[in-house]
Amino acid sequence: MLSVAERLEIEAEAAPAETKRSVASDALKIVQRHRGWVCDEALKDVAALLGLSPAELDSVATFYNGIYRRPVGRHVILLCDSVSCWIMGYNPLRERLESRLGIGLGQTTADGRFTLLPTACLGLCEQAPALMIDDNVHGDLTPEKLDQVLENYA
Amino acid sequence: MTTLHVDGKTYTADTAGRNLLEVCLSLGLNVPYFCWHPAFRSVGACRQCAVKVFKDEKDVRGRLEMACLIPVTDGMRVAIDDPEAVAFRAKVIEWLMVNHPHDCPVCDEGGECHLQDMTVMTGHVYRAYRFSKRTHRDQDLGPFVNMEMNRCIQCYRCVRFYRDYAGGRDFDVHGWHDHVTFGRHEDGILESPFSGNLVEVCPTGVFTDKSLKHHYTRKWDLQTAPSVCPHCGLGCNTFPGERYGTLRRVMPRYNGEVNGYFLCDRGRYGYEFVNSRNRIRRPLQRDHTGPVEVSKEEALALAGTVLQSRKVIGIGSPRASLEANFALRALVGPDRFYHGVTDKELRLVRTLSALLKRGQARTPSLREVESCDAILILGEDVTNTAPLLELALRQAVLQKPKADALKLGIYEWLDECLREAMQDQRGPMIVATPDRTALDSLASRTVRAAPADLARLGFAVAHALDPTAPPVPSLTPDTLALAEGIAAALRTGRRPLVVSGYGCGSEAVAEAAANVAWALCRTGSTASLCFTVPECNSMGTAMLPGESLDAAVAEISNGTADALIVLENDLYRRAESGSVETLLGARQVIVLDHLAHVTASRATLVLPAATIAEGSGTFINNEGRAQRSFQVFVPPDDIQASWRWLAELMPHSTRPWKGLDDVLAALADAVPAFKEIPDIAPSADFRLTGQKVPRQSSRYSGRTAMTADLSVQEPKPPVDLDAPFAFSMEGSRAHPPSSLIPRFWAPQWNSVQAVNKYQFKTGGALRDGDPGRRLIEPPEGEPTPYSVSIPAAFVARPYRCLVLPAWHIFGSDELSLHSPGIAARAPGPYVALNPVDLGRLGLAEGQAVTLSVGVASRVCSVIVAPDLPVGVARTPAGLPGLPALALPAWGGIAAVGGHSPPASQHAAGVPPVAGNEQDAHTATENTNATSGSPGERGGAP
Ligand code: SF4
Ligand code: SF4
Ligand code: FES
Ligand code: FES
């Protein structure tokens, strides 16, 4: 069941839209903001609210890599693996992250603190290698600097 | 006509409305493709159809273009065999197949796989990819369609068919990048009644026929012949395929005018009755000691004695061929032949056919339905009464927005652009029915009313269109306004269409529908009138003179007759059991049929009759199109076509019939309406380049071994006296006339896509015309007078309900229910009621009740149908094991106490339990074309 807050926010988003289904991705983002991810049940509820079928909404949800259809940790690390970062040191960053957190790409730490995901270019090429944690970008990273950065995310 | 130069040769072709790929294919040139489909055209998703296009003679470099995305211009220079284009195509298929498992030997698609064909055609024979492949978890999609997603090449055809073309909403594309999958949101039965078409639409082995899996056979090992679907009145064309004496599957047989490339799931999966363990295989005699098998000779002798010593009447069947019905009529005498349906049904079907013959509105083929642009559906839930008509109507509602989009200069074959331009726009379609239908979500307006009120609405629309049409007395202002609105909507169409039929069981509804179509015609429109009919030969048999079952009952009860021959008919499904008892009380009862049913269990003599796959015969569909269905295989044991049994019972001196052609000649002679019937397909002595047409492919394997357990000598193939087909591999491999095509195959084209080679234009008619012949054309001259019998408005009665038949695509057809997959989707016995009636009758949802109509009654559970008009109930028609009710009729509903589990609701058309509350008294309006819940097709919420 969607919470009252989720429902109200989605309805507010949908009200001015020409078609309800055009706010599909916004509605998914709203749910994700509240829950960290979009579970099957919430997906079905949002679909019903927008007059879509679950298959139609899931088609939207699974198209965007920023919509999580599986639970994620408290913080999501999006590690850029596109060309600039790759040249400037993506691999050492990845190795450090994997060894420090004890997880591989696509996985979540046992304590639920971090989920590590790859991403395409963050638009931060001038500060490559870069990554993004939650809503913050971090550039010019080295494995050493990384340790500090992670400390800020409890 | 446009001139174009391809690979240095000059061609001329009619290229209007067609892209380069279509034109090349029609010219017989092989351009590989995946995502283009003749029914839903181009999106340019696969990049497989790349060719070189040159600016002019001087241009030697040219540029790569996707053939499916460019129009043909006069003087165009194209190279399919340009080295760069060839290399490009080979690379494309290599990319598409990077993750493909290369598991052809264990893939059901193997041997008829478009991906195999295209791989060979592009010359991609060596794969460079050496890494691990991505794999998917497959979904269980229910009994009809099997999924093996790893074989996907991301052409998007499946979703374009299922979602865009067939309107299914429980199937979509999911994921992104390398992880794209196609399917449902979660495991579960595919809701669309057209789901089986994924099997051919998908060019790979992702979606395959699950029923075939249980008795798998490769295409080249199947014996096939052109046949007709026996499961509803539309007469879709089919290819049943047989191996080792059992039917393995049914595939659509392309007919540009009828079913096109598709079949509904009832038609595709309903075939398993042919293999049923309940088949009658040998003649059975029954006396006071019980049934005993007798030889064919004994059976004929027994029947002969009955015919000589008794006053015999014959009861025909709307699911038997014309030949069988006619043979029975000839055997017992024309005045002793009765139709195997109640008076109610016979009158209704005769009314339908009379209206089509009488008026100036033409009865459209399904193809023509697709091109209509303003639609009134009166009283018909087409999904459940004539399934493929729903698919055609889904295309028809797009005609108007498509016409607008074309004005923007979009090519008509650019599917994605057209859909982008059309968005959610739909042409006018008014769905006026007693309860919800699957087409409601596309309707510009929905109206819910009892049949009498639907008829009155129809008559009022006709009057609004043409003031000389009879006015409807005492109409409410609301209905009047509604009628005027509908009339205005229909007037906007260039090709308006009125759809009605047997669904409501009301002649008045059909007459009203005809009046609307005629009023449109009289006021200058070219309107069509499409009626559904109950069974595969309802239209044909109704054209045979003769009275109904009710009259036959009278004959037996008053003693004018004391013996009965029942042709392919379970009378208990037709009439209430009292009358059937009277009939079967005759001294001798001879039953010819496929399956042991209650009627057969009461017969004194049972003769095993061929199914549609085991005998040849003619059927007339709802359009009035006579179509020949040919025997696919020789049935085991003593099974033979009913007409042959009956012919063998005719006295030796008069027995004139050796083969089907003799029956047809006699039929044409005896019944003027059937004068043309012999000519609808070549006769048995037709030869193609001097030979018969082989039912088996040139690769048919194992035939010297397949009966080796019985005898090491290879038996001589049986001789077919009825058709120019051979039960063997030997024969002519030339293209036969379209009515004799046993399978679609062409060199390099092993999949169904070979059909392109049988058409002059892809998606058009088969080369020498689509099979079948229309027997009904509108009369010339003065317009016919309107029907004037306008019923009084519906008035609900205290303590009773008007009980209407609820038809179910899975459940109402007798034969298809023998397929386990179809039986699993049939609803349980229920009665659907409006909540007001529920309160009025003191009933609760899910409660077990006794529904009684006349002397018959059935126990069923209550379903809530919020849209159903107050005072009206619906209960499924044709479910097995339930006493037949002569619907529509007034009935009583009383609690039997206690609560029973609700009826199964996953069948299409079961009214969903939850829904918007609408006042069922008044005609309601719904202009929200996009609404509709995921379960809109009637699935349980
Ligand atoms: S499942 Fe079949 S039809 Fe669908 S995209 Fe894959 S290959 Fe094409
Ligand atoms: S629509 Fe009717 S004729 Fe066509 S496949 Fe379905 S059941 Fe058979
Ligand atoms: S490539 Fe990493 S931010 Fe652009
Ligand atoms: S067929 Fe032309 S791009 Fe797929």
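The rules behind the values
Residues numbered from 1 in each chain as written. Chains lettered and ligands numbered in written order. Predicted model: local features only at pLDDT ≥ 70, side-chain atom pairs only at ≥ 80, totals over all residues. Buried ≥ 20, exposed ≤ 12 C-beta atoms within 10 Å, placed from the backbone. Helix = DSSP H or I, 4+ residues; strand = E, 2+ residues; numbered from the N terminus. Pairing = 2+ DSSP bridges. Near = placed C-beta within 6 Å. Nonpolar A, V, L, I, M, F, W, Y, C, P; charged D, E, K, R; others polar. Contact = placed C-beta atoms within 7 Å. Domains from an automatic or database assignment. Axes fitted to C-alpha atoms, helices over the stretch in contact; angles between N-to-C directions. Parallel < 35°, antiparallel > 145°, perpendicular 65-115°, else oblique.

Student: I tried to follow the pairing of strand S33 (residues 847-853) of chain B on my own but got confused; where do I start?
Tutor: On a regular strand, one side chain projects to one face of the sheet and the next to the other, so that they alternate. Residues and elements named next belong to chain B. Side-chain alternation along S33 places Gln847, Val849, Leu851 and Val853 on a buried face and Ala848, Thr850 and Ser852 on a face that remains uncovered. The pairing of S33 with strand S34 (residues 856-864) spans 6 bridges and is classified as antiparallel. The partner of alanine 848 across the bridge, within S34, is serine 861.

Student: Sorry, what's going on with the site of ligand 1 here?
Tutor: In the vicinity of ligand 1, the contacting residues are Cys152(B), Ile153(B), Gln154(B), Cys155(B), Tyr156(B), Arg157(B), Cys158(B), Phe182(B), Cys202(B), Pro203(B), Thr204(B) and Val206(B). Tallied by class, residues from the shell around ligand 1 come to 9 nonpolar, 2 polar and 1 charged.

Student: Please explain the site of ligand 2 as it appears in this structure.
Tutor: Residues and elements named next belong to chain B. With respect to spatial proximity, 13 residues lie near ligand 2, and among them Cys229, Cys232, Cys236, Cys264 and Gly267 are the closest. For the shell around ligand 2, the elements supplying multiple residues, two or more each, are helix H7 (265-269) and helix H13 (387-396). Split into classes, the residues belonging to the shell around ligand 2 amount to 8 nonpolar, 4 polar and 1 charged.

Student: Which parts of the structure should I look at to understand the interface of chain A and chain B?
Tutor: Counting residues at the interface gives 13 residues for chain A and 14 residues for chain B. Contributions of two or more residues to the side of chain A that touches chain B are made by helix H3 (40-50) and helix H4 (54-63) of chain A. The leading source of residues in the side of chain A that touches chain B is H4(A), at 7 residues. Tallied by class, the residues present in the side of chain A that touches chain B amount to 5 nonpolar, 6 polar and 2 charged.

Student: I keep staring at the domain arrangement of chain A and nothing clicks. Help me out?
Tutor: Quite often, the size of an interface is put as the accessible area lost when its parts meet. Assigned domains of chain A: these are domain 1 (4-63) and domain 2 (75-151). Of note, the centres of domain 1 of chain A and domain 2 of chain A, computed from C-alpha atoms alone, are 29 Å apart.

Student: Just checking my understanding: could you explain the packing of helix H2 (residues 24-35) of chain A against H4(A) for this structure?
Tutor: In helix packing, the relevant descriptors are the interaxial angle and the interaxial distance, both defined with respect to the helix axes. All names here are of chain A. One way to put it is that H2 packs onto H4 with a least axis distance of 10 Å and a crossing angle of 70°. In this view, H2 runs roughly perpendicular relative to H4, as classed from their interaxial angle. For the pair H2 and H4, the contacting residues are Ala24, Ser25 and Leu28 in the first and Leu57, Val60 and Ala61 in the second. Within the contact of H2 with H4, the residues separate by chemical class into 5 nonpolar, 1 polar and no charged.

Student: In this structure, what is going on with the sheet that holds strand S20 (residues 445-448) of chain B? I would like to understand it.
Tutor: In sheet architecture, strand pairing relies on hydrogen bonds along the backbone and comes in two forms, parallel and antiparallel. All names here are of chain B. Strands sit in the order S20-S19-S18-S21-S22 across an open sheet of 5 strands; the sheet is parallel. The open sheet is flanked by S20 and strand S22 (528-531), the only strands paired with a single partner. When the angles between neighbouring strand axes are averaged without regard to direction, this sheet yields 10°. The pairing of strand S18 (residues 374-378) with strand S21 (residues 496-500) spans 4 bridges and is classified as parallel.

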